[in-house]
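Take a look at the letters that make up each chain.
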Amino acid sequence: QAILEIDRITKVYGTKLNPVRVLEDISFSIDQGEFVGIMGPSGAGKTTLLNLISTIDRPTTGKILINQTDVTRMREKKLTTFRREQLGFIFQDFNLLESLNVKDNILLPLALERIRYQEMMERVTYVTKILGIEHLLDKAIVDISIGQKQRVAAARALITQPKLILADEPTGSLDSKSATELLQYLTAVNQQEQATILMVTHDAFTASYCQRILFIKDGAIFSEIVRQGTRKEFFQKI
Ligand code: ADP
Ligand code: ADP
């Protein structure tokens, strides 16, 4: 079942006299439980596309359906709730609050939900176990490593049990060891939780953890590779 359907979207910046066409007639869909990467050269439109799917920007034409709902027609106020309930975000620079400890950062997205404390703590225990950070709950953000920070950010994205997790260069600030660990944890989250992950990256090693890669270039999704076999074979293909 499709959790995300992109239907012939275009995005044009600039003015009528001087239009900058960034995305041209892009269509694709992502099924529940997939781990999909978006790659492409700098300026190709990856961030633009992610912003449209995040519902923080709207396409010039075309439709975006998330969990069967057309978000391109939704009003701003409804979108705020929709984002909170259906989407999880993992950013390159974590966006953690240093005034809160690890546990409270993870719980932050639930602040507006009506969920029993016990249920919250059960979720915290569960997601932090998958991400290997259950021993860090009482720590201050300044006292954990960069790799741990990104896993805390991932836990915060997961705590609302989002239908779709959007990650923008999640390994961008990490050394290769921390990056590998994060990707292994994200893979576990994807497999154990049936969580759908859409990840933008320009890094082939990071992308090699995805089941499917969408390439974007000159405004179009120009090819699609399903990873089969080993990571080494994947590297030879791209
Ligand atoms: P990527 O993330 O793949 O590097 P972007 O989506 O950031 O690409 O940018 C794609 C193109 O759109 C670039 O040519 C960029 O200059 C242009 N662009 C992005 N945002 C805007 C904007 N707000 N106004 C005008 N042009 C923009
Ligand atoms: P990234 O590739 O890391 O996503 P950005 O999204 O910040 O980087 O920018 C990508 C490209 O889009 C850059 O070339 C930048 O100059 C251009 N860009 C971003 N925002 C705008 C904007 N508001 N107007 C014009 N160009 C923009």
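About the thresholds
- Residues numbered from 1 in each chain as written.
- Chains lettered and ligands numbered in written order.
- Predicted model: local features only at pLDDT ≥ 70, side-chain atom pairs only at ≥ 80, totals over all residues.
- Heavy atoms only, no water.
- UniProt positions renumbered as here; feature names shortened; annotations may be inferred.
- Helix = DSSP H or I, 4+ residues; strand = E, 2+ residues; numbered from the N terminus.
- Rg over C-alpha atoms; globule rule 2.2 N^0.38 Å.
- Contact = heavy atoms within 4.5 Å.
- Lys, Arg positive; Asp, Glu negative; His and termini not counted.
- Charge placed at Lys NZ, Arg CZ, Asp CG, Glu CD.
- pLDDT = per-residue confidence, 0-100.
- Buried < 20%, exposed > 50% of the residue type's maximum accessible area, 1.4 Å probe, protein only.

As named in an unreviewed UniProt entry, the chain is ABC transporter ATP-binding protein, taken from Vagococcus intermedius. Within the UniProt record for the chain, the comment given under Sequence similarities (unreviewed entry) is "Belongs to the ABC transporter superfamily."

This part is about the overall build of the chain. Looking only at helices and strands, one finds eight helices and 10 strands in the chain. Taking 18 Å as the expected radius of gyration for a compact globule of 238 residues, we find that the chain reaches 18 Å, a close match to that expectation. Within the chain, residue pairs in contact and separated by at least 24 positions form 67% of the contacts whose partners lie at least 6 positions apart. Positive and negative side-chain charges of the chain, numbering 30 and 28 respectively, have mean locations separated by a distance of 4 Å.

Within the chain, residue pLDDT values average 90, and 93% of them lie at 70 or more. Prediction confidence for the complex, expressed as pTM and ipTM, is 0.84 and 0.62 respectively.

One non-glycine residue, Asn-95, lies in the positive phi region at around 60 degrees. One can find Asn-95 in the loop between β6 (87-90) and α3 (102-107). For Asn-95, a relative accessible area of 39% translates into the label partly exposed. Unlike most non-glycine residues, Gln-194 shows phi in positive territory, near 55 degrees. Note on placement: Gln-194 falls in the loop between α6 (176-193) and β8 (196-200). You can call Gln-194 partly exposed: its relative accessible area is 47%.

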